[in-house]
Structures are given as C-alpha cells and as structure tokens.
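Structural overview
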Amino acid sequence: MSSENLPQTPEQQGRKPRVAVVFGGRSSEHAISVVTAGAVLRSIDRSKYEVLPIGITTDGRWALTADEPARMAISGGELPNVGQLAESEDGAVVLSVDPASREVVYTEPGAVPKALGEVDVVFPVLHGPYGEDGTLQGLLELSGIPYVGSGVLASAVGQDKDYMKRVFTSFGLRVGPYVTIRPREWENDREGALARIADFAGEHGWPLFIKPARAGSSIGITKVDEPSALDAAIREARRHDPKIIVEALLRGREIEVGVLEFEDGPRASVPAEIPPVSSHDFYDFEAKYIDSASGLVPAPLTPEQTAEVRKLAIEAFDAASCEGLVRADFFLTENGEFVINEINTMPGFTPISMYPRMWQESGIEYPELVDRLIQAALRRSTGLR
C-alpha cells in the first residue's frame, strides 16, 4: 500500500489519538474481560486520548457501550456482562476492513448508520478464545488498525497450552509432564483416551489436573485424585474446549513474572508468589476473582532465583514471538528448578490482578502501565514485522 493511501495520524488531523477499548467476548472469561475493561477505562489519561468503549456480547455482537467503569466491577459476587452496558439491544459496531480507512460505524435496524470516527489503536482486553487467541488480532491486521499486545501467531500459541508447551520445549525451556487429548480421540476412542490418561497417571502419580487446552482464568479445571473422577472432570473441561490437557502435579511454589515491552525491548518485573489458598484446592477462578486471594509481591526469593526467573520470563516472551505484554507463570520445584507452566498474552488487569501489581512494585503505576502499552502499540505497524 502506497504512503499516500495510509490513514493520517491523529496529529496530522489535529486531534488526540482515539483508543477503542474492546472487551467482553464469546469465551467463558467474558465477565473477567468486562472487569478488566473497567479498570483500563478508569485509568486511561483522557487529556491525552479519546476513548471509545466497545463491548462484545456473549453471542458475538459488537455493541456500543456506556463509558461507566463503575458498572463493570464485580459487585456482591455478581459478575458483570456487556449486555448490561450496551446502549441498545440490537445496535452493532462495525470496523472497516479497508486499511486505508479506520472508520468505525454504528448501525441500528431502520436507522441511518452513524460514523463514530477513526480508531487509531485498539486496546483488546478480551480473555480466552475469540479474542486473546489471534482471531481478533487477525481482524485488526486486515483492518490495518494497530493494537495492544501480541500478534496473530503469539496470541494463538499463548492460548493453546498444548502448542505453547511444544514451543517452549523447542526453545529449551523446561515444562511439566502433560498429555493432550484431542477432540477426535475422545469422540472416537474414549476408552483408548482414558487408558492413555491412566498410563500417564501410572508414570507420574495422582492427583492430575484436567484442563481445557484453550481457556484461562482457571475456568474448567478440575483436580482429580482417582480414576473414578476422570469422566466428570473431562466433561467439565470439554464444556469450555473440546481439546483438553492433562497435567501432573508439580510440587513447589507458584511464581509469576510480568514482561513489558519497552523501546529497547522486553523487560521483566519483580516476581510474585501465589501462596496456597487454604479455602481452595488450588488457585481456581473463585480464589482469583471472588475471594480476592492475594499474592506476595515481591516474591520471597533469593537474588539468584529472582534473576533466573526474570531471565526465563523474557526467554518465554521471545520464544512465542510476543509483543506488548505477557504474564509468565512458573513453578519453583522442590529441587530448586523453575518449570514454566504457561504464559498469558493478555493477563487480567482487574484491581487485584497480579500483572499490574508486579509492575507497581517495579516502579510503574497502573496509569503509566496502560499508557506504555498504548504507546508501544502506536509505534508498531500492522502486517509482517
């Protein structure tokens, strides 16, 4: 595309950059995305940016929503959703797929479409499939709109625990024992799949963790202590993803590190530790978001351990070709080795989320963190890079 066909910059148009915060989505992490969006909207510098909140409903409609962060919080244990925030029940926001135009249009049945102006950058705070997994990133690449976070490949790798582990292994990062059960295997040979899991348990012992391969926020995960509980755990995981992953228990401490892209490359935050939660069997959804379980920031590690896990977090960021931000989760095993569990290419930004807490302890407050992510996205072009 020739330079004369490229959209003008906000500065050329004499206005502030317009940031579309896109949230909600079709995944089981819809509510957490709404909570994250509320925190981001609350912290964007309105003197520096124009903001356009766009919510995606659970059935996939892009809705114009109220810019009211207070309504996006968990209240009384009740989770928010885009349907509560949408300005109408059938209006839809449409992005242009013409890279020469970043115009956003709002349509309602029986009404003339309304132009909402150009969008200069998208801040996608979607978690899980249909948003964090490369699908939205592909749409934005087609539209020529810069966006916060990783591109198509890294987003897809970061969403799929099976391929994520394969990538990490190929780059020399240590991962824990696991086995993947693909949809066709379970549907065509259930007994064979259960036999594979039994063999895995025979080698690595019980308990096992049964997980959706492409979900987050600890949704759909079951800790299984005996073979009789496998079938129910697999059904629960497959409610969220037909592809599941079975992991062995790793005894040790849970350590997290935030990675943030700076002008000179990625840097790692101070680490955090997720201590055992006495009221929960493991660090599940309720422990994270309902019961407000809190981690230790910084993690009580030796200087040598801190340096090592920060180095490994950046290696994981680079191995998956990530951009913008990542939260890297590790186990520090009883023999003193770090094993990477997973990365999140769009980690939670809720008020109790670990990623912003780690960067706050590293000297970057929440509003500056949001601004750095937007600025990094504005510096990058779409397309091959």
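Each remark here, short or long, concerns the structure printed above.
Okay, so let's go over this structure. Because the structure is predicted, anything quoted here is derived from the model rather than measured.

Parameters and conventions
- Residues numbered from 1 in each chain as written.
- Predicted model: local features only at pLDDT ≥ 70, side-chain atom pairs only at ≥ 80, totals over all residues.
- Heavy atoms only, no water.
- Pairing = 2+ DSSP bridges.
- Helix = DSSP H or I, 4+ residues; strand = E, 2+ residues; numbered from the N terminus.
- Axes fitted to C-alpha atoms, helices over the stretch in contact; angles between N-to-C directions.
- Contact = heavy atoms within 4.5 Å.
- Phe/Tyr/Trp six-rings, centres within 6.5 Å; stacked < 30°, edge-to-face > 60°.
- Lys NZ or Arg CZ within 6 Å of the ring centre and 35° of its normal.
- Expected span 1.5 Å × (residues − 1).
- Buried < 20%, exposed > 50% of the residue type's maximum accessible area, 1.4 Å probe, protein only.
- Arc of directions from axis to C-beta.
- Parallel < 35°, antiparallel > 145°, perpendicular 65-115°, else oblique.
- Nonpolar A, V, L, I, M, F, W, Y, C, P; charged D, E, K, R; others polar.

Here we have four strands laid out as an open sheet, ordered E3-E2-E1-E7, and mixed in their pairing. The open sheet has two edge strands with one neighbour each: strand E3 (62-64) and strand E7 (121-124). Taking each pair of neighbouring strands and ignoring which way they run, the sheet shows an average axis angle of 30°. By the bridge criterion, four bridges tie strand E1 (residues 18-24) to E7 in an arrangement that is parallel. Residue pairing for E7: valine 19 is matched across the bridge by valine 121. Lying on the sheet, helix H1 (residues 30-43) is in contact with E1, strand E2 (50-56) and E7; it crosses E1 at an angle near 155°. On the sheet, helix H12 (residues 366-379) packs against E1 and E7 and is oriented at approximately 130° with respect to E7.

If you walk through the whole model with that rule in mind, you get five aromatic pairs. Members of the aromatic cluster, each reached through a chain of ring pairs, are Phe123, Phe349, Tyr355 and Tyr366. It is lysine 165 that lies over the ring of tyrosine 178; its NZ or CZ is 5.5 Å from the centre.

With that settled, the discussion passes to helix H7 (residues 190-204). Across its 15 residues, H7 extends 21 Å between first and last C-alpha, which sits within 8% of the 21 Å expected from 1.5 Å per residue. Looking at H7, one finds that the buried residues are Ala193, Ile197, Phe200 and Ala201. Down the axis, H7 shows its buried residues gathered within 100° of arc, on one side only. Opposite the packed face of H7, turned more than 90 degrees from it, sit the exposed residues Glu191, Asp199, Gly202 and Glu203. The inward-facing, buried residues of H7 abut strand E8 (178-181), helix H6 (183-188), strand E9 (208-212), helix H8 (230-238) and strand E11 (244-248). At the C-terminal side of H7, glycine 205 shows a positive phi close to 85°.

At a closest axis distance of 12 Å, the pairing of H7 and H8 adopts a crossing angle of 105°. By the angle between their directions, the pair H7 and H8 is classed as roughly perpendicular. For the pair H7 and H8, the contacting residues are Arg190, Leu194 and Ile197 in the first and Leu230, Asp231 and Ile234 in the second. Across the contact of H7 with H8, the residue classes tally to four nonpolar, no polar and two charged.

This part takes up the packing of helix H4 (residues 152-159) against helix H5 (residues 161-170). For the pair H4 and H5, interaxial distance at closest approach is 5 Å and the crossing angle is 110°. Comparing the axis directions of H4 and H5 gives the class roughly perpendicular. Residues Val157, Gly158 and Gln159 of H4 pack against Lys161, Tyr163, Met164 and Val167 of H5. For the contact of H4 with H5, the residue count by class is four nonpolar, two polar and one charged.

Here we come to the pairing of strand E13 (residues 265-268). Across four bridges, strand E12 (residues 252-262) lies against E13 in antiparallel orientation. Within E13, the residue paired with valine 259 across the bridge is alanine 268. Taking the residues that link successive antiparallel strands as the turn, the E12-E13 hairpin has two residues.

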